[in-house]
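Structure assessment
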Amino acid sequence: MADYDALAKTIASLTEGEDDPVALMATIACEVHHADDCFNWTGFYRVVAPELLKIGPYQGGHGCLVIPFSRGVCGAAARTGEAQIVADVNAFPDHIACASSTQSELVLPVWDSSGVLIAVFDIDSDMSGAFDREDANALQQILNCSFS
Ligand code: SME
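Our next topic: the site of the ligand. Near the ligand, the surroundings consist of Trp41, Tyr45, Ile67, Gly72, Val73, Cys74, His95, Ile96, Cys98, Glu105, Asp122 and Asp124. Valine 73 places a polar main-chain atom, nitrogen or oxygen, 3.0 Å from an oxygen atom of the ligand. Note that an oxygen atom of the ligand is positioned 2.6 Å from one of the side-chain N or O atoms of aspartate 124. Burial of the ligand by the surrounding chains reaches 99%, relative to a free accessible area of 300 Å². Listed by contribution, the elements that provide at least two residues to the shell around the ligand are strand E1 (41-49), helix H3 (72-80) and strand E6 (117-125). With three residues, H3 is the single largest residue contributor to the shell around the ligand. Classifying every residue of the shell around the ligand by side-chain character gives seven nonpolar, two polar and three charged.

Criteria and cut-off values
- Residues numbered from 1 in each chain as written.
- Predicted model: local features only at pLDDT ≥ 70, side-chain atom pairs only at ≥ 80, totals over all residues.
- Heavy atoms only, no water.
- Near = heavy atom within 4 Å.
- Polar contact = N/O pair within 3.5 Å; in protein donor to acceptor, adjacent residues only side chain to side chain.
- Areas by Shrake-Rupley, 256 points an atom, 1.4 Å probe, with all protein chains shown as cover.
- Helix = DSSP H or I, 4+ residues; strand = E, 2+ residues; numbered from the N terminus.
- Nonpolar A, V, L, I, M, F, W, Y, C, P; charged D, E, K, R; others polar.

Below, the structure is given as structure tokens:
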């Protein structure tokens, strides 16, 4: 498991005083991606229009560019405002496969300081069952500290 205490401190120090959401997202995607070898795709899908997500910033191979709230694990996180922990993407009927190597996935909602959903944060792993509630809670706290 990633060292989330160290990760939170690094991100806080790198982003101190920064409030540009894309600068924050790029830095978080980079730091989280390199925090654990089993994180194979790490990044944000931003809310760009009602019920519509668009990719970036991210680290890893290319992903699909546009995801409506009605689709995929990312859409489920955006719709419900709840963490989506998918241990086996093959068993999640609505999963959108961007890389055939992906086996498990974690998607978290990202809110701004007014409580408006601005993005979802997605981590994909080529390992099945790579994420649990502890990962979700630690990463959600990092996101909340950075954006809300
Ligand atoms: N798997 C996601 C799509 C995004 S990519 O994995 C980068 C989903 O089902 O929403």
